Amino acid sequence: MYLAQLSDPESTEYSVDCYFDISGAKKDDVDLAVAGMVHYHEILHSRYAQSNGEPVRLVTDEYPTIRWTTASSFEEAKERSIRKRRPFSLKSVPVRFTGYELPDNRILLHMDIHHIAFDGRSVMIWQHELFDRLQGRDIPPQPDLSARTQDMHAHEAGTAFYRELFSDGVPSHEMPLKGPRLATHPGADKELAVSITEEELAQLSTAAKSCGVSTFSFLLAGMSIVLGIYCDSEDVTLGFPVDMRNKDERDMCGMFINTAIVRLKPQSGKSLPDYLAEVA
C-alpha cells in the first residue's frame, strides 16, 4: 500500500470512510473521546517514510483533531464528505476527522483513514471503544509492541505445517490464454461487481452446514475446483487475507493483515463430502 500510494499520489483507492452516528453526546464529549483514542492508538499519530531505501513507520507527536461543521441530514453529510475526498500524503498522519452537527441532538463523526493504518477489525475496535469512552468506561492499557521480542518457538508448529505442505515444491499454474497476452488488458480500470441475494446466501450457508463445514470453507472448495478446471490441474495454491493479531493485540487498531497460503487438491477421484472435509 505504501508503494502503491507513492506511485500514484493522487489516488484515493486505499482511503476508507467510516461514519459513526452519535446521539445524546456533546461536541466536547466527542472531541475528548477522539483525542484520547488518537493518543491511545499509536498508528493514528504515525507517518511513513524511508530509511536506507526501506519503508518505515515513524511515531510522531502530530495528533489529528476533529474539524466541525453542520449538516441538515446524515445523507447530506455523507455526500459532502465523499465530494471533498482527497488523497493522503503518507508523509503526514493517515487519518482525518470531520464532525457534522445534525438536527435532533445528533452528531455524525466521519473518519477518513488510509487502509495502511486500518484493517477491518480496526473499524469494529474503534466503534466499540468510541462508545465506551463516551459512556465513561475504563479502557485497559495497550501492550507496547516496540518492547516485545519475537518468540520464534511460538511459530514452530506453523513453520512445520508449511514445510510439510510444500515438501515437494510450490506448484505454479496459469490459466490458459487464447492468443498473445495484450500489453494492456481490456478490462483494466473497470469495476466488476458480482451480486448475491440474501436468499442465495442462505442457500449456500444451509448447504455448507449440511456438509458440516463453514460457508467460507464451502466457497473456498468451490473456488479451488473451478480454478483447477481452468488451469487443468488437480493441485491449486490460493492465498487469502487473515488477521494476524495475537491475543495481546485483539483491541489494537492498525493493519495486521497478512496472506495465508492454502494448498488444495481437487482431484477427480474424491467424493465431494471427503473433499469438503479436507478443505475445512
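It should be emphasised that the depicted structure is a prediction, and the values quoted were computed from it without experimental measurement.

Undergrad: Sorry if this is basic, but what is going on with the nonpolar core here?
TA: Most often, soluble globular proteins have nonpolar side chains that are buried together. With 30 residues, the main nonpolar core has V34, F97, M111, W126 and L130 as its most contacted residues. Those elements that provide at least two residues to this core are β1 (15–23), α2 (27–40), β4 (66–70), β5 (95–102), β6 (106–114) and α4 (120–134). For M111, the contacting residues outside a window of four places in its chain are V16, D17, C18, F20, V95, R96, F97, F118 and W126. The next biggest cluster of nonpolar side chains, apart from the first, holds twelve residues, and it includes V213, L220, A221 and V279.

Undergrad: I tried to follow the pattern of salt bridges on my own but got confused; where do I start?
TA: Once their charged atoms are close, side chains differing in charge can pair, the charge on each being opposite to the other. If you walk through the whole model with that rule in mind, you get 16 salt bridges. A salt bridge links D168 to R263, with the shortest nitrogen-to-oxygen separation between them at 2.7 Å. Of this pair, D168 sits in the loop between α5 (156–165) and α6 (198–210) while R263 sits in strand β8 (residues 257–264); the two residues are 95 residues apart in sequence, bridging distant segments of the chain. Judged by relative accessible area, D168 falls into the exposed class, the value being 56%. Ionic pairing is found between R250 and D243, a salt bridge with its closest N-O pair at 3.6 Å. Relative accessible area serves as the criterion here: at 31%, R250 is assigned to the partly exposed category. The exposure class assigned to D243 is partly exposed, which follows from its relative accessible area of 31%. Among the ionic contacts, a cluster of salt bridges with common partners joins D119, D243, R245 and R250.

What counts, and where the lines are drawn
- Throughout this document, residue positions are counted from 1 along each chain, in the order its sequence is written.
- Selection of residues for local features in this predicted model requires a pLDDT of at least 70, selection of side-chain atom pairs for listing and counting requires 80 or more, and totals for whole chains, interfaces and linings are taken over all residues.
- With hydrogens and water set aside, each side-chain value is computed from the structure's full complement of heavy atoms.
- Residue types Ala, Val, Leu, Ile, Met, Phe, Trp, Tyr and Cys, when buried and joined through side-chain atoms within 4.5 Å, form a set referred to as a nonpolar core.
- Residue exposure (1.4 Å probe, protein chains only): buried if accessible area is under 20% of the type maximum, exposed if over 50%, otherwise partly exposed.
- Helix and strand assignments follow DSSP, with helices taken as H or I runs no shorter than four residues and strands as E runs no shorter than two, numbered in order from the N terminus.
- Contact definition: two residues touch when any of their heavy atoms are within 4.5 Å.
- A pair is scored as a salt bridge if a Lys or Arg side-chain nitrogen falls within 4 Å of a carboxyl oxygen belonging to Asp or Glu.

The analysis is restricted to geometry; functional conclusions fall outside its scope.
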